[in-house]
Amino acid sequence: MASNNGNAATLDTPPAKRSWLHKNRIKMAPWLFLAPGLIFFFIYVIAPIFESIWISFYAWDGLGPKEWVGMGNYVELMDDDRFYTSLVNNVWWLVLYMLAVPAGLGIALFLNQTVTGIRIYKSLFFFPFVISQVVVGLIFTWFYNPDFGIVGIVWNFFGATPPAILADEDLVTFGIILAGLWPQIAYCMILYLTGLNNVSPDQVEAGRLDNAKGWKMLWYIILPQLKPATFIAVVVTVIGALRSFDLIAIMTQGGPYGSSNVLAYYMFETALSEYGFRYGYGSAIATVLFLIMLVYISFFLWRMYQDEKG
């Protein structure tokens, strides 16, 4: 009864005398639920970004006192051949990794059928996504082995000398990118399969009545409805290409002679490996990588906003 009386007293309180929190409780409810996630996001994502940028202006081994060098680390990057090699490799990763998007769409369209055994085919195409990048790296390391790998077996079958892909400075980056595309295509396929489940059957039927078939149906009816899935696939693929690390660490450790390095691995090698302990220089590399990623993601967000606005 006391509790009911208290509630009744609150309801009887004139609006002018109610607290600000009571009057805005509906508006505040979503923020209260989001607060824990936002706090952790700030502590573990936003704050480290700014801290890394700040450290990039120092020469620091991670243990001793910091020495302010201003833009010195960035000036040194301009004359660092290994940095340019890593940057060029990242561009190759970015360009070739985008093949995962149309490949994922094509496989999703193939699997989006009602035929006998389609679930088995879906599970086979889905398999690369659920296994670890470490396992992917090991599989392709064996695959490329010229002595007992599939590449060696095929070349020997035709009487040719198999290439040592992971030991060739001209081929190693493309070999690792191919290994990375295997699970990335599977991820894009999953996104597009989800998007195809949300395609409006009424629009498809209307297109058929207008004699839209094949490419016309795909281009004018299906793809416009897959824009959200395409946006997510592109953004995730760009981020995956720019922060590529796992496969390089497993398959080549940046070799041979640093020819397969990318910015993420070169940053680790400079700042944290036994050859590095240059936290300031590593942070400068990380800052450059972050700015490249920020430019690409901002561009895609702007394009998506323009499409929604139009």
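Everything discussed here concerns the structure shown above.
Criteria and cut-off values
- Residues numbered from 1 in each chain as written.
- Predicted model: local features only at pLDDT ≥ 70, side-chain atom pairs only at ≥ 80, totals over all residues.
- Heavy atoms only, no water.
- Core = buried A, V, L, I, M, F, W, Y, C linked by side-chain atoms within 4.5 Å.
- Buried < 20%, exposed > 50% of the residue type's maximum accessible area, 1.4 Å probe, protein only.
- Helix = DSSP H or I, 4+ residues; strand = E, 2+ residues; numbered from the N terminus.
- Contact = heavy atoms within 4.5 Å.
- Axes fitted to C-alpha atoms, helices over the stretch in contact; angles between N-to-C directions.
- Parallel < 35°, antiparallel > 145°, perpendicular 65-115°, else oblique.
- Left-handed = near helix turned anticlockwise from the far one by under 90°.
- Expected span 1.5 Å × (residues − 1).
- Arc of directions from axis to C-beta.
- Polar contact = N/O pair within 3.5 Å; in protein donor to acceptor, adjacent residues only side chain to side chain.
- Phe/Tyr/Trp six-rings, centres within 6.5 Å; stacked < 30°, edge-to-face > 60°.
- Lys NZ or Arg CZ within 6 Å of the ring centre and 35° of its normal.
- Patch = residues over 30% accessible without salt bridge, like charges linked within 9 Å, V, L, I, M, F, W, Y side chains within 5 Å.
- Areas by Shrake-Rupley, 256 points an atom, 1.4 Å probe, with all protein chains shown as cover.
- Salt bridge = Lys/Arg side-chain N within 4 Å of Asp/Glu carboxyl O.

(A) Main features of the nonpolar core. In terms of nonpolar packing, the biggest core is built from 65 residues, with L77, W93, I176, Y192, I222 and M251 touching the most fellow members. Looking at this core element by element, the count peaks at 12 residues for helix α10 (residues 172–197). Ignoring sequence-local partners within four residues, the contact set of I222 consists of L196, V199, V204 and M217.

(B) Representation of the packing of helix α5 (residues 81–97) against helix α13 (residues 227–242) within the structure. Running from amino to carboxyl end, α5 crosses α13 at an angle of 155°, the nearest separation of the two axes being 8 Å. It follows from the interaxial angle that α5 and α13 lie roughly antiparallel. Our pair here, α5 against α13, has a crossing hand that is right-handed. The segment α5 lies against α13, with N90, W93, L94 and Y97 engaging T237, V238, G240, A241 and L242.

(C) Region of the structure containing helix α12 (residues 214–225). For α12, built from 12 residues, the straight-helix expectation of 16 Å at 1.5 Å per residue is met to within 8% by its first-to-last C-alpha distance of 16 Å. Residues M217, L218, I221 and I222 constitute the buried set of α12. Buried residues in α12, looked at end-on, bunch into an arc of 130°, giving them a common side. Across α12 from its buried face, at more than 90 degrees, point the exposed residues W215, K216, W219 and Y220. Buried residues belonging to α12 abut α6 (100–111), α10 and α11 (201–209).

(D) Representation of helix α8 (residues 133–144) within the structure. The end-to-end C-alpha distance of α8, which contains 12 residues, comes to 16 Å, matching closely the 16 Å that a straight helix rising 1.5 Å per residue would cover. V136, G137, F140 and Y144 are the residues of α8 that are buried. An end-on view of α8 places all buried positions within 100° of arc, on one side of the element. Buried positions along α8 lie against α9 (150–157), α10 and α14 (246–251). Among the residues of α8, the N-terminal cap falls to S132, whose side-chain oxygen and the backbone nitrogen of V134 are separated by 3.1 Å.

(E) A look at the environment of I250. For I250, the position within the fold is in helix α14. With residues near it in sequence (within four places) discarded, I250 still touches V134, G137 and L138.

(F) Seen up close, the packing of aromatic side chains. Inspection of every chain in the model, using the stated rule, returns 21 aromatic pairs. The interplanar angle of 65° and the centroid separation of 5.5 Å between the aromatic rings of W54 and Y58 together place this pair among those described as edge-to-face. The class of W54 is partly exposed, set by a relative accessible area of 47%. Relative accessible area serves as the criterion here: at 14%, Y58 is assigned to the buried category. Joined through ring pairs, the aromatic side chains of W54, F57, Y58, W68 and Y74 make up one cluster. It is K66 that lies over the ring of W60; its NZ or CZ is 4.4 Å from the centre.

(G) Looking closely at a nonpolar patch on the surface. A surface patch of nonpolar side chains, amounting to about 1000 Å² of accessible area, comprises F126, F127, F129, V130, V134, V135, L138, I139, W142, F148, W182 and I250. At the level of elements, α7 (118–130) and α8 are the ones that each hand at least two residues to the nonpolar patch. The dominant element in the nonpolar patch, judged by the number of residues it contributes, is α8, at five residues. Within the secondary structure layout, F129 lies in helix α7.

(H) The arrangement of the packing of α10 against α13 in detail. Between α10 and α13, the shortest axis-to-axis distance is 9 Å and the interhelical angle comes to 160°. The orientation of α10 relative to α13 falls into the category roughly antiparallel. In the crossing of α10 with α13, the sense of the turn from one axis to the other is right-handed. From α10, Q184, Y187, C188, L191 and Y192 reach across to α13, where they touch A229, T230, I232, A233, V236 and T237.

(I) Seen up close, the environment of I118. Here I118 lies in helix α7. Beyond its immediate sequence surroundings of up to four residues, I118 is in contact with F110, L111 and Q113.

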